[in-house]
Amino acid sequence: MKKDWSKFTKRIPINSTVRSIYNAWAIPSEIEQWFVATADYSLADGSLRPKSDRVKAGDNYTWRWHGFPNGAAESGRVIEANGHNTFRFTFADTCIVEVSILAERPDKIVQLTQKKIGPDEQLRLYIGCGEGWTFYLANLKSYLDGGIDLRNKNEKIKGVINA
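Presented here is a report on the structure given in the accompanying data block.

Cut-offs used in this document
Residues numbered from 1 in each chain as written. Predicted model: local features only at pLDDT ≥ 70, side-chain atom pairs only at ≥ 80, totals over all residues. Heavy atoms only, no water. Core = buried A, V, L, I, M, F, W, Y, C linked by side-chain atoms within 4.5 Å. Buried < 20%, exposed > 50% of the residue type's maximum accessible area, 1.4 Å probe, protein only. Helix = DSSP H or I, 4+ residues; strand = E, 2+ residues; numbered from the N terminus. Contact = heavy atoms within 4.5 Å. Pairing = 2+ DSSP bridges. Axes fitted to C-alpha atoms, helices over the stretch in contact; angles between N-to-C directions. Phe/Tyr/Trp six-rings, centres within 6.5 Å; stacked < 30°, edge-to-face > 60°. Polar contact = N/O pair within 3.5 Å; in protein donor to acceptor, adjacent residues only side chain to side chain. Salt bridge = Lys/Arg side-chain N within 4 Å of Asp/Glu carboxyl O.

### A few points about the nonpolar core
(1) Moving on: Ranked by internal contacts, the top residues of the largest apolar core, which has 40 residues, are W25, W63, F89, F91 and W133.
(2) Moving on: Elements that contribute at least two residues to this core include exactly β1 (8-14), α1 (18-26), β2 (38-42), β3 (60-64), β5 (86-91), β6 (95-104), β7 (107-115) and α3 (122-146).
(3) Moving on: For this core, the leading source of residues is α3, giving nine residues.
(4) Moving on: Beyond its immediate chain neighbours, meaning those up to four positions away, F89 contacts W25, Y61, W63, R77, V78, I79, C95, I96, V97, V99 and W133.

Listed below in structure tokens is the structure:
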């Protein structure tokens, strides 16, 4: 069987409410607690969305990570933000990331699928993004389950899995 390098899925159980998990993705001040150093979202007119507001489909984002000089920016667009259990956005230029929050009693499962990984970037993005999402989903669980942020915030420390 031939390996499909154009997509992957990561899943993790989280002991939290669907609302808390969704807000961790959809509110800029919340996503900054476990994922990125800064999350700026702009509306269609170019104005910045307040950090405490839920983002909406059509918003553009610029994220910057801890542990990198100047924050290593990633920009994209929110495709879907249904206000409950689905959050989709563009990522790494051509990719689509879909986050679904599933109730598999008694747990809540966060399922992340990255797809549309282009043929020229498949191996690099499949491995690199797969490793990154594995860490950040574990950090989301750590943050929501116990309040502990595992990210490296020191840009002088290089080559670690948590940056």
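### Structural notes on the pairing of β3
Here is the key point about a regular strand: its side chains alternate between the two faces of the sheet.
(1) Moving on: A one-sided burial pattern is seen for β3, the buried positions being Y61 and W63 and the unburied ones N60, T62 and R64.
(2) Moving on: Summarising the sheet, β2 and β3 pair through five bridges and their orientation is antiparallel. Within β3, the residue paired with T38 across the bridge is R64.
(3) Moving on: Where β3 lies against strand β4 (residues 73-81), five bridges are found, and the strand directions are antiparallel. Within the sheet, the bridge partner assigned to Y61 lies in β4 and is G76.

### Brief notes about the sheet that holds β6
(1) Moving on: One open sheet holds the seven strands; their spatial order is β1-β7-β6-β5-β4-β3-β2, and the pairing between them is antiparallel. The sheet is open, and its two edges are formed by β1 and β2, each paired on a single side. Taking each pair of neighbouring strands and ignoring which way they run, the sheet shows an average axis angle of 25°.
(2) Moving on: Set on the sheet, α3 makes contact with β1, β5, β6 and β7; between it and β1 the angle comes to about 10°.

### Here's the deal with the packing of aromatic side chains
(1) Moving on: Evaluation of the coordinates by the stated rule reveals 23 aromatic pairs.
(2) Moving on: Ring geometry for W63 against W65: centres 6.4 Å apart, planes inclined by 85°, an arrangement best described as edge-to-face.
(3) Moving on: On the accessibility criterion, W63 (0% relative accessible area) is buried.
(4) Moving on: Centre to centre, the rings of F89 and F91 are 6.2 Å apart; their planes meet at 85°, and the pair counts as edge-to-face. The two residues F89 and F91 agree in class, both being buried.

### Some thoughts on the environment of W133
(1) Moving on: In this structure, W133 sits in helix α3.
(2) Moving on: Its relative accessible area of 1% is what places W133 among the buried residues.
(3) Moving on: Ignoring any residue separated from it by four or fewer positions in sequence, one finds W133 in contact with F8, W25, F35, F89, F91, V97, L112 and Q114.
(4) Moving on: A polar atom in the side chain of W133 sits 2.8 Å from the side chain of Q114.

### Quick notes on the side chain of N23
(1) Moving on: As for its position among the elements, N23 is in helix α1.
(2) Moving on: For N23, a relative accessible area of 13% corresponds to the buried category.

### Some thoughts on the pattern of salt bridges
Where side chains of opposite charge bring their charged atoms close, a pairing between them can arise.
(1) Moving on: Applying the stated rule across the entire model yields 10 salt bridges.
(2) Moving on: Several salt bridges share partner residues, and in doing so they unite E32, D40 and K51 into one network.

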